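# Residue-level structural notes
Residue strings, one per chain:
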Amino acid sequence: MDAEQGKHQTEEEVLQGMLSHRFNYAKAHRSSTYHHTFRTKTRWELVRLSLLIVGIECTYATETAFVAPILLAIGLPHTLMTMMWAMPPIVGVLFVPVVASVSDRLRSSWGRRRPVLLLLGIAMLLGMMLLPHGRAIGEAIGLRSVAWVATITTLGLTTTDFSAEASNGLCRTYAMEVCTIRDQARVLSTMMLIGGLGGMLGYLFGAIDWIALPIGQYFESNEAAVFTANWIVLLIGLVSTLTSFAEIPLPVQEQDAMLRPVTHSMLQNEVKRMRGDEYAIQTQLSESIGFRQFVRNTVQMPRSMKILCLTQFLSHMGYLPYCLYFTDFVGAEVFGGDVQAPEHSPAFVLYEEGLRFACWGMALFAGCASLYSLVIERLIDRVGARPVYVGGLMAHCVGMVAMGLLRHRAIVMLCCSLTGIMYTTIYSIPFLLISHYHSKNSFHMKDGKCVESTEPRGFGADVSMMSSVLCLAQLIVSLVMGVLIDVAGTTTVITYVAGGCTLLAALSAMAVLYMGL
């Protein structure tokens, strides 16, 4: 193609040419496992790539539904129970960004993300085995006190929760890196869809009275049966995702520019070159940054990233009280039960009924999150990311306040569906924005135009920031919420805290940099 013809090509035509050229090159010069990076993925391929998210969301669902009742049943008061939730975020804040930074620089022949995801997946599976069996393990090794049983249970919780949080961001990073830039929004929406189904599956596991079924005789408790079902789902998702697509190893990308995934900045550079721009420069591989640079990037974040992290932090401060304490709220306040009442007493039976009802509500929440993920991309295209972001947060805010004021079963169900809208919002738009910033290699605008960044930033490390702010939010909620519940004398306080924090998140979302998204 001559230079004059190249000047009149659209950006989409240039992209297709770059992908086609690299696809043929990879197929001819390297193992055929690399060429898939430069082609559009089918819907089924995106589903297979995303199945680990199903296992992670199923794990979150089982954790949030049963950890609080398990800890309270051991004999812990609300203050100590909520503090047990502080251990995973402490570990997460310290080590999730480190794991992401190590992943960015990993030189394994298996890629940068999959080896780390494998180790984290094994840790999750081990943690899920500890969580429901804390009392049995304690008795088996002669540690029967409440303190030791709580410690064993918390060890399982910390291992599972930290591994799930680190895997959540890395799995999304892995998926976006093995997809073309036009497929990145599709894979994120697919993850939201089937991730919601995974959460629904986890909550439905909790809504079943397993002990009343024939299979129940093989388990020591209802919780053990639920965690076993979750363990199987997580194992299937882990194996499926890790065997879906090969990554192009970092050393291969460094040695051969034709085998680097096409980014938006590479596309813009190629467009400039074809149009004769003398300032077009060769695109460098900038994903691999050193640990010192990673720490510097964390401390000296661009203003756009600071606002996005603040918004995500406040969003999780609004979501986590619902997520962690909703089942206890429904069992105690909506049904009037008591988890610490004698077993088989009316108060205990009411609490168990409330727990199963809450699981149905959270299954509805997860289902609505999945359904909303089908339309959120179209909504963003039609009205823009800002109204969708703010509107999704306000839906949860209204729902939480209504739930706390009315405490009616029908209202509880309705508000769970509104939270599903918010959940899809906070697990899609922030990641799309980070991808948008990196694809344009810009983190601020001047006079309505993107200003190219001169500071190298790791994409995986920036994605992990979203996990880090979640860990920080969970730490604060864990340390504060139990005290608030004990002072107020009711778990209804969680709904008002959730509503207030989400309102602040919506206000912060108004100031986020959207760059035309």
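Position labels on residues start from 1 in each chain and follow its written sequence. The predicted origin of the model limits local features to residues at a pLDDT of at least 70 and limits the giving and counting of side-chain atom pairs to 80 or more, whereas totals for whole chains, interfaces and linings rest on all residues. Based on all heavy atoms of the structure, the side-chain values leave hydrogens and waters out of the count.

To characterise two packed helices, one gives the angle between the axes of the helices and the distance between these axes. Axis lines are fitted to C-alpha atoms, over the contacting stretch for helices. Their N-to-C directions set the angle, which ranges from 0 to 180 degrees. Runs of H or I in DSSP of at least four residues are treated as helices and runs of E of at least two as strands, each being numbered from the N terminus. Relative to each other, helix 3 (residues 43-74) and helix 8 (residues 146-177) sit at 160°, their axes nearing to 10 Å. If you check the angle between helix 3 and helix 8, you find them roughly antiparallel. Of the two elements, helix 3 crosses helix 8, and the hand of that crossing is left-handed. Considered class by class, the residues forming the contact of helix 3 with helix 8 number 17 nonpolar, five polar and five charged. Note on angle classes: values under 35 degrees are labelled roughly parallel, values over 145 roughly antiparallel, values of 65 to 115 roughly perpendicular, and the remainder oblique. Throughout, a crossing is termed right-handed when the near helix is turned clockwise from the far one, and left-handed when it is turned anticlockwise from it by less than a right angle. Each residue receives one of three labels: charged for Asp, Glu, Lys and Arg, nonpolar for Ala, Val, Leu, Ile, Met, Phe, Trp, Tyr, Cys and Pro, and polar for the others, Gly being one of them.

Turning our attention to the domain arrangement of the protein. Once the domains are mapped, the protein shows domain 1 (40-255) and domain 2 (287-516). Segmentation of the chain into domains, including their bounds, is taken from an automatic or database domain assignment. For domain 1 versus domain 2, the distance between C-alpha centres works out to 18 Å. Accessible-area loss on putting two parts together, using a 1.4 Å probe and summing over both, is the definition of buried area adopted here. Between domain 1 and domain 2, a total of about 4800 Å² is buried, with carbon and sulfur atoms accounting for 67% of that surface. What counts as a salt bridge is simple: a side-chain nitrogen of Lys or Arg found within 4 Å of a carboxyl oxygen of Asp or Glu. The tally of links between domain 1 and domain 2 comes to zero salt bridges. Distance and chemistry together define a polar contact, namely a pair of N or O atoms within 3.5 Å, with one atom able to donate a hydrogen and the other to accept it when in protein, and with adjacent residues in sequence counting only for side-chain atoms on both sides. Inspection of the region where domain 1 meets domain 2 yields eight residue pairs in polar contact (both at pLDDT 80 or more). Counting residues per element, the side of domain 1 that touches domain 2 draws most heavily on helix 9 (residues 184-207), which supplies 15 residues.

A few words now on helix 14 (residues 303-334). Three or four residues apart is the spacing at which side chains of an α-helix point the same way, because the helix has 3.6 residues per turn. Taking 1.5 Å per residue, 32 residues should reach 46 Å; helix 14 reaches 43 Å between its end C-alpha atoms and fits that length. Along helix 14, the helix axis deviates most sharply at Y325, where the bend reaches about 65°. In terms of residue burial, helix 14 counts as a mostly covered element, since 27 of its 32 residues are buried. In this scheme, a helix's expected span is set at 1.5 Å multiplied by one less than its residue total. The angle separating two fitted axes, one through the seven residues that finish at a residue and one through the seven that start at it, defines the bend at that residue. Accessibility here uses a 1.4 Å probe with only protein chains present; expressed as a share of the type maximum, an area under 20% marks a residue as buried, one over 50% as exposed, and anything in between as partly exposed.

Next up on the list: the environment of L51. Tracing the backbone shows L51 in helix 3. The partly exposed category is assigned to L51, whose relative accessible area is 22%. On a C-alpha basis, the gap between L51 and S240 in space is 6.5 Å, while along the polypeptide they are 189 residues apart. Contact definition: two residues touch when any of their heavy atoms are within 4.5 Å. Those residues in contact with L51 that sit more than four places away from it in its chain are I194, G237, S240 and T241.

Turning to the confidence of the model for the protein, a few remarks are in order. Scored between 0 and 100, pLDDT is the confidence that the predictor attaches to each residue. On average, residues of the protein score 85 in pLDDT, and 93% of them reach the 70 mark or higher. Within the protein, the element-level pLDDT minimum falls on helix 1 (residues 3-7), averaging 55, and the maximum on helix 20 (residues 493-509), averaging 95.

So, about the packing of helix 15 (residues 346-383) against helix 17 (residues 409-426). One can describe the packing of helix 15 onto helix 17 by two numbers: an axis separation of 7 Å at closest approach and a directional angle of 40°. By the angle between their directions, the pair helix 15 and helix 17 is classed as oblique. The handedness of the crossing between helix 15 and helix 17 is right-handed. Residues F357, W360, G361, M362, L364, F365, C368, A369, Y372, S373 and I376 of helix 15 touch helix 17, and the partners they reach there are R409, V412, M413, C416, S417, T419, G420, I421, Y423, T424 and T425.

In this model helix 10 (residues 222-242) runs 31 Å from its N-terminal to its C-terminal C-alpha over 21 residues, within 8% of the 30 Å that 1.5 Å per residue would give. The element helix 10 is extensively covered by neighbouring structure, given that 15 of its 21 residues are classed as buried.

By secondary structure assignment, the location of Q184 is in helix 9. Within polar-contact distance, the side chain of Q184 engages the side chain of S435 at 2.7 Å. Q184 has contacts with M176, C179 and S435, leaving out every residue within four places of it along the chain.

In this section: the pattern of salt bridges. Taken as a whole and assessed by the stated rule, the structure comprises nine salt bridges. We note a salt bridge from R113 to D104, for which the minimum N-O separation is 2.8 Å. Relative accessible area serves as the criterion here: at 0%, R113 is assigned to the buried category. R112 serves as the salt-bridge partner of E177, at 3.7 Å between the closest nitrogen and oxygen. With E177 in helix 8 and R112 in the loop between helix 5 (87-105) and helix 6 (114-130), the pair connects residues that are 65 residues apart, well separated along the chain. Here R112 falls in the buried class, since its relative accessible area comes to 4%. Put simply, D104, R112, R113 and E177 are held in one network by salt bridges that share partners.

The biggest cluster of nonpolar side chains holds 137 residues, and the ones touching the most others in it are Y322, F326, V330 and F365. In terms of residue count, the dominant contributor to this core is helix 3 (18 residues). Two domains share this core, each providing at least three of its residues, namely domain 1 (40-255) and domain 2 (287-516). Here F365 is in contact with Y203, Y319, Y322, C416, T419, G420 and Y423, once residues within four sequence places are set aside. Here, the term nonpolar core denotes a set of buried Ala, Val, Leu, Ile, Met, Phe, Trp, Tyr and Cys residues that are joined through side-chain atoms within 4.5 Å.

All right, on to a nonpolar patch on the surface then. On the surface, a nonpolar cluster with roughly 740 Å² of combined accessible area is contributed by L80, M83, V93, L472, I476, L479, V480, V483, L484 and V487. Of all the secondary-structure elements, those providing two or more residues to the nonpolar patch are helix 4 (78-84) and helix 19 (459-488). Take the nonpolar patch: its biggest share by element is seven residues, from helix 19. Tracing the chain through its elements places V487 in helix 19. Residue V487 is classed as exposed on the basis of its relative accessible area, which comes to 69%. Two joining distances apply to patches: 9 Å for like charges and 5 Å for nonpolar side chains (Val, Leu, Ile, Met, Phe, Trp, Tyr), and every residue must have over 30% relative accessible area and no salt bridge. Computed with the Shrake-Rupley method and a 1.4 Å probe, the accessible areas treat only the protein chains shown as cover for residues.

Attention now goes to the pairing of strand 1 (residues 442-446). For a regular strand, side-chain orientation follows a simple rule: the groups alternate between the two sheet faces. We treat two strands as partners when DSSP finds at least two bridges between them. In this structure, strand 1 lies alongside strand 2 (residues 449-452), joined through four bridges in antiparallel fashion. For K446, the partnering residue across the bridge sits in strand 2 and is K449. Following strand 1, the chain reverses through two residues before pairing antiparallel with strand 2; D447 in that reversal takes a positive phi of roughly 55°.

Moving on to the side chain of S304. Among the secondary structure elements, S304 is positioned in helix 14. The class of S304 is buried, set by a relative accessible area of 4%. The residues touching S304, leaving out its near neighbours within four places in the chain, are Y437, F443 and L513.

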